Amino acid sequence: MQLENMTLNELWDLFPITFVDFDSNFSKLYLEEEQKLKSLLGSSIKRISHIGSTSIKYIKTKPIVDILIEIDFGNMSVVKDTLIDNKYLLMNESSNKISFNKGYAMNGYEDKVFHIHIKKFGDCDELYFRDYLNDNIDKAHEYEKLKLELYNKYKPNRDLYTDGKTKFVNEIVSNTKKIYKDRY
């Protein structure tokens, strides 16, 4: 059986949500993967950024490094094919976003796990969220508390866990865009 053929419940069992303390090694893992992605995608990348909870200091996080790659969507097919050819697993594709995973194997997580989010240049709400939480430790801890509560309430259902964070994230992004204006 291949990962692509597994049910959601089978995938959730094989790849459970786990939390670890913040580790500065996440930045090193990001920088290593950033170099690999830059060598693969070259000038297709308009901006590449470390996002997600591993980029937020001092909170518990899933040990998965999230990377946002902003591109000109005219290059989408080239970017998509290149990542697939280099063993990135296509997870989701829509008209405004495509997501890949790396570090998932038939026996569970590998040592280094990445989620790659490909979006149109300028679609970067994640940067506002990351920077605001790094600048406001109390809100970062509030987010950490929410994540842990959602995990305990919905495990192993990743979809409900993720959906439960949406309102908090959207409020932070909306307010932060007013504060940080055109930072990105």
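Residues numbered from 1 in each chain as written. Predicted model: local features only at pLDDT ≥ 70, side-chain atom pairs only at ≥ 80, totals over all residues. Heavy atoms only, no water.

S.K.: Mind showing me how you'd approach the overall build of the protein here?
M.R.: A count of helical and extended segments in the protein gives 6 helices and 5 strands. For the protein, the sequential pattern of α-helices and β-strands runs α-α-β-β-α-β-β-β-α-α-α. Its C-alpha atoms give the protein a radius of gyration of 16 Å, near enough to 16 Å, the size a compact globule of 184 residues would have. In terms of overall dimensions, the protein has C-alpha extents of about 40 × 40 × 30 Å along its principal axes. Looking at the 184 residues of the protein, the share that counts as buried comes to 43%. If you take every contact in the protein between residues at least 6 apart in sequence, the share linking residues at least 24 apart comes to 66%. Counting every atom, the protein has about 10200 Å² of accessible surface; 49% of that belongs to carbon and sulfur. Within the protein, one finds 28 positive and 29 negative side-chain charges whose respective centroids are separated by 4 Å. (Helix = DSSP H or I, 4+ residues; strand = E, 2+ residues; numbered from the N terminus. Rg over C-alpha atoms; globule rule 2.2 N^0.38 Å. Buried < 20%, exposed > 50% of the residue type's maximum accessible area, 1.4 Å probe, protein only. Contact = heavy atoms within 4.5 Å. Areas by Shrake-Rupley, 256 points an atom, 1.4 Å probe, with all protein chains shown as cover. Lys, Arg positive; Asp, Glu negative; His and termini not counted. Charge placed at Lys NZ, Arg CZ, Asp CG, Glu CD.)

S.K.: Honestly, unusual backbone geometry in this entry has me stumped. Any pointers?
M.R.: For residues other than glycine, phi is negative in most cases, and the peptide bonds are mostly trans. For the bond running from Lys155 to Pro156, omega is 5°, close enough to zero to count as cis. Tracing the backbone through its elements, the reader meets Pro156 in the loop between helix H5 (137-154) and helix H6 (158-180). For Tyr58, which is not a glycine, the phi torsion comes out positive at approximately 70°. By the secondary structure assignment, Tyr58 is in the loop between strand S1 (45-51) and strand S2 (65-71). For Tyr58, a relative accessible area of 57% translates into the label exposed. One non-glycine residue with positive phi stands out, namely Lys87, at about 70°. Relative to the helices and strands, Lys87 resides in the loop between helix H3 (76-85) and strand S3 (89-93). Note on Lys87: relative accessible area 72%, which makes it exposed.

S.K.: How should I be thinking about the side chain of Ser44 in this particular structure?
M.R.: Looking at the element boundaries, Ser44 is found in the loop between helix H2 (25-41) and S1. Taking the relative accessible area as the measure of exposure, Ser44 reaches 9% and is therefore buried. The residues touching Ser44, leaving out its near neighbours within four places in the chain, are Glu70, Ile71, Asp72, Asn75 and Val79.

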